[in-house]
Number of protein chains: 2
Amino acid sequence: MNIDLIEAAAKRLSGHARRTPLLSSPFLDEIAGRPVFVKPECLQHTGSFKFRGAWSAISAMDPDIRARGIIAYSSGNHAQGIALAATRHGAPSVIIMPADAPKLKIDNTRALGAEIVLYDRASDDRDAIGDRLAKTRSLTLVKPFDNEFVIAGQGTTGLEIAEQDKSQGIENARVLVPCGGGGLTSGIALALENHAPDMVVHPCEPQGFDDVARSLVSGKIQRNKSTSGSICDAIITPQPGNLTFPIMSRLCGAGFVVTETQCLQAMKHAFLHLKIVIEPGGGCCPRRGPVSLQ
Amino acid sequence: MNIDLIEAAAKRLSGHARRTPLLSSPFLDEIAGRPVFVKPECLQHTGSFKFRGAWSAISAMDPDIRARGIIAYSSGNHAQGIALAATRHGAPSVIIMPADAPKLKIDNTRALGAEIVLYDRASDDRDAIGDRLAKTRSLTLVKPFDNEFVIAGQGTTGLEIAEQDKSQGIENARVLVPCGGGGLTSGIALALENHAPDMVVHPCEPQGFDDVARSLVSGKIQRNKSTSGSICDAIITPQPGNLTFPIMSRLCGAGFVVTETQCLQAMKHAFLHLKIVIEPGGGCCPRRGPVSLQ
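If you're wondering where the values come from, they're calculated on a predicted model, not measured in any experiment.

Engineer: What exactly am I supposed to notice about helix H7 (residues 126–137) of chain B here?
Structural biologist: Every α-helix carries 3.6 residues per turn, so stepping three or four residues along brings you back to the same face. Residue and element names in this part refer to chain B. Between its first and last C-alpha, H7 extends 16 Å over 12 residues, near the 16 Å set by a 1.5 Å rise per residue. The set of residues buried in H7 consists of Ile-129, Gly-130, Leu-133 and Ala-134. Along the long axis of H7, the arc covered by the buried residues comes to 125°, so they all point the same way. Residues of H7 that are exposed and point more than 90 degrees away from the buried face comprise Arg-132, Lys-135 and Thr-136. Here H7 starts with a cap whose side-chain oxygen sits 3.1 Å from the backbone nitrogen of Asp-127, and that cap is Asp-125. One or two steps after H7, the chain reaches Ser-138, where phi turns positive at roughly 55°.

Okay, structure coming up:
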């Protein structure tokens, strides 16, 4: 995994993924006590950065293999990113979703062109269902974060941050990234290592689901006790990825742990001052960084 | 008023106004029955396109005159655009606002650096207050739409639409513009006349406040009966401007009249499918264009 993969992904994404702007507001600066810039990936196709990774992985496939179809597990944003990216490549996609996923997300994913296979979280073996389907129909699995092409796609966000900051004369910043499995965080960290080396990436996680923060402290992959029970459903993952963790460990600053109240406040401020609609996981960002780190 | 003024404004705005993206969603396309692209000027500095016109006018002033200060009348978006643009030029600004304007808008305008002078809509003469202040303190008045530099600034939105559409292979489209006094509508129409001549601009107004639509039909400036009583407060003006109307008359297609329910539906769809927060006036756009015009 290296910067060349990210730059190659940027070429494949050009004209297909959206280049999101860098937003700011004097009112946010006042609240935070420092200049704040927001990269609103909620404005990306399908409403999240996941479209970048999905497009990156699907566009890099051998056309014959791609034409047989893609398979993915997801109850949310990765599902929609894969569905749209596959459809736009003329490839079928199958998404394995839990039967209790929100009806709207299931409907949206289907409307974007995917075939949905529902499973029962309590009684079915999701991986067995996926393996059988993948083998029977020669589908290719695209994992949500532990995949080099996916990380490279998410990393294009970092290339844009570096460029957009540079054009505003900003070279030094803390880059706070809401973090689940670490695909976006590690991709951005790699991009900035090469294009804005004075910036430090801090993974941000909801209280009680701070596997990445703890893993960074201990130097080894740590698991969360629970995989549900947070409003930040988009970034609740059991543990950092085998590909993403070494990158985060090498490049990231300390992880920040964020309360649900802070996530909700971030949603409110984003709505009021930036005119964007973010989900709780997208607002997973401390109101102020720890004073000792300033 | 011509395209050269718009292109000169674009140079002055570069690096200061935000280049907003062009958004779309397969779900919006399905609702509208055709491809739809949205230029989200709610993401502009201060939350509306008004910042473009304000920056254009203030940046074009003689520095000595500008340093004495700017004066404007507005209860909303123009106020905030002028306040921020003046502050960033190091110039004082005075905004004459009605005492019953929303407290949040008054507070925001003040926080952006403006001095606020409140007047009573019923008993005070707003123009007399403004004239006296302008003379006593040598302030320069920037009107909200009937000003060539303001129209030129709003027209930079049209330059971006032409460029962004071209990069997606779109040359032919109806361009629906929520319309008050016509600054944005006439600026976009002029920009597209030169850079995307197959596009047709249609001003869109709330039901009961269709002065522009009626003026376009009769060929003469028509007034609204009322200047209040709509949820679309941002685009309720008594009549089209003396500078904007001839441009709209020469270049625009028929005006569209939009119900309040349609504005509210547009807000909902923008929230759900584009993740942006728009005000009712910004959603003033018919769900489907008249079939006979397709």
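Now that the structure has been shown, the text picks up again.
Engineer: I would appreciate a short explanation of the packing of aromatic side chains in the present structure.
Structural biologist: Both the distance between ring centres and the angle between the ring planes are used here to describe each pair of aromatic rings. The final tally for this structure, using the stated rule, is three aromatic pairs over all chains. Judged by centre distance (5.7 Å) and plane angle (45°), the ring pair of Phe51(A) and Trp55(A) falls under tilted. Here Trp55(A) and Phe51(A) lie together in helix H3 (residues 50–59), a separation of four residues that amounts to about one turn. The exposure class of Phe51(A) is buried, given its relative accessible area of 0%. One cation-aromatic arrangement involves Arg126(B) over Tyr73(B); the distance from NZ or CZ to the ring centre is 4.3 Å.

Engineer: I would appreciate a short explanation of the pattern of salt bridges in the present structure.
Structural biologist: Between side chains of opposite charge, a pair can form as their charged atoms come close. Residues and elements named next belong to chain A. The tally for this structure, following the rule as stated, stands at 22 salt bridges over all chains. Here Lys-105 and Asp-233 are joined by a salt bridge, their closest N and O atoms 3.2 Å apart. Of the two residues, Lys-105 is situated in helix H6 (residues 103–111) and Asp-233 in the loop between helix H10 (211–218) and helix H11 (244–251); the sequence distance between them amounts to 128 residues. Its relative accessible area of 18% is what places Lys-105 among the buried residues.

Engineer: Explanation requested: the environment of Asp64(A) in the structure shown.
Structural biologist: Mapped onto the secondary structure, Asp64(A) falls in helix H4 (residues 63–68). For the pair formed by Asp64(A) and Ser123(A), sequence separation is 59 residues and the distance between their alpha carbons is 35 Å.

Engineer: Can you help me understand helix H6 (residues 103–111) of chain B in this one?
Structural biologist: Every buried residue of H6(B) is listed here: Lys105(B), Ile106(B), Asn108(B) and Thr109(B). What you see down the axis of H6(B) is that its buried residues fit within an arc of 165°, all on one side. More than 90 degrees from the buried face of H6(B), the exposed residues found are Lys103(B) and Leu104(B). Residues of H6(B) that are buried make contact with helix H2 (26–32) of chain A together with helix H5 (77–88), strand S2 (93–98) and strand S3 (115–119) of chain B. Once H6(B) ends, the next one or two residues include Gly113(B), with phi positive near 110°.

Engineer: Would you explain the relation of the copies chain B and chain A in this entry?
Structural biologist: A rotation about an axis combined with a shift along that same axis relates the two copies of the chain. When chain B is brought onto chain A, the operation consists of a screw motion whose angular component is 180° and whose axial shift is 0.0 Å, with 0.0 Å RMSD remaining. Taken together, the rotation angle and the small translation identify this as a two-fold axis. No C-alpha of chain B lies nearer the rotation axis than that of Ile276(B), which sits 2.2 Å from it. A shared binding surface is used by both copies, with 100% of the interface residues of chain B retained as interface residues in chain A.

Engineer: Before we go on, may I ask you to explain the sheet that holds strand S5 (residues 174–178) of chain A in this structure?
Structural biologist: The strands making up a sheet associate through backbone hydrogen bonding, with each pair oriented either parallel or antiparallel. All names here are of chain A. Strand order in the open sheet made by the three strands is S5-S6-S7, with parallel pairing throughout. The sheet terminates laterally at S5 and strand S7 (256–258), the two strands that pair on one side only. Taking the axes of each pair of neighbouring strands and ignoring which way they run, one obtains an average angle of 30° across the sheet. Pairing geometry for S5 and strand S6 (residues 200–206), over five bridges, is parallel. By the bridge assignment, Val-177 is partnered in S6 with Pro-203. Along the sheet face, H10 touches S6 and S7 and points at about 130° away from the line of S6.

Engineer: For this particular structure, what's the right way to read the interface of chain B and chain A?
Structural biologist: By a widespread convention, an interface's size corresponds to the accessible area lost as its parts come together. Contact with chain B, which involves 19 residues of that partner, is made by 19 residues of chain A. Where chain B packs against chain A, one counts zero salt bridges. Taken together, the connections running from chain B to chain A amount to four residue pairs in polar contact (both at pLDDT 80 or more). Looking at the side of chain B that touches chain A, the elements with two or more residues in it are helix H2 (26–32), H6 and helix H12 (260–274) of chain B. Considering only residue class, the side of chain B that touches chain A consists of 14 nonpolar, three polar and two charged.

The rules we used
Residues numbered from 1 in each chain as written. Chains lettered and ligands numbered in written order. Predicted model: local features only at pLDDT ≥ 70, side-chain atom pairs only at ≥ 80, totals over all residues. Heavy atoms only, no water. Helix = DSSP H or I, 4+ residues; strand = E, 2+ residues; numbered from the N terminus. Expected span 1.5 Å × (residues − 1). Buried < 20%, exposed > 50% of the residue type's maximum accessible area, 1.4 Å probe, protein only. Arc of directions from axis to C-beta. Polar contact = N/O pair within 3.5 Å; in protein donor to acceptor, adjacent residues only side chain to side chain. Phe/Tyr/Trp six-rings, centres within 6.5 Å; stacked < 30°, edge-to-face > 60°. Lys NZ or Arg CZ within 6 Å of the ring centre and 35° of its normal. Salt bridge = Lys/Arg side-chain N within 4 Å of Asp/Glu carboxyl O. Contact = heavy atoms within 4.5 Å. Least-squares fit on C-alpha atoms with pLDDT ≥ 70 in both. Pairing = 2+ DSSP bridges. Axes fitted to C-alpha atoms, helices over the stretch in contact; angles between N-to-C directions. Nonpolar A, V, L, I, M, F, W, Y, C, P; charged D, E, K, R; others polar.

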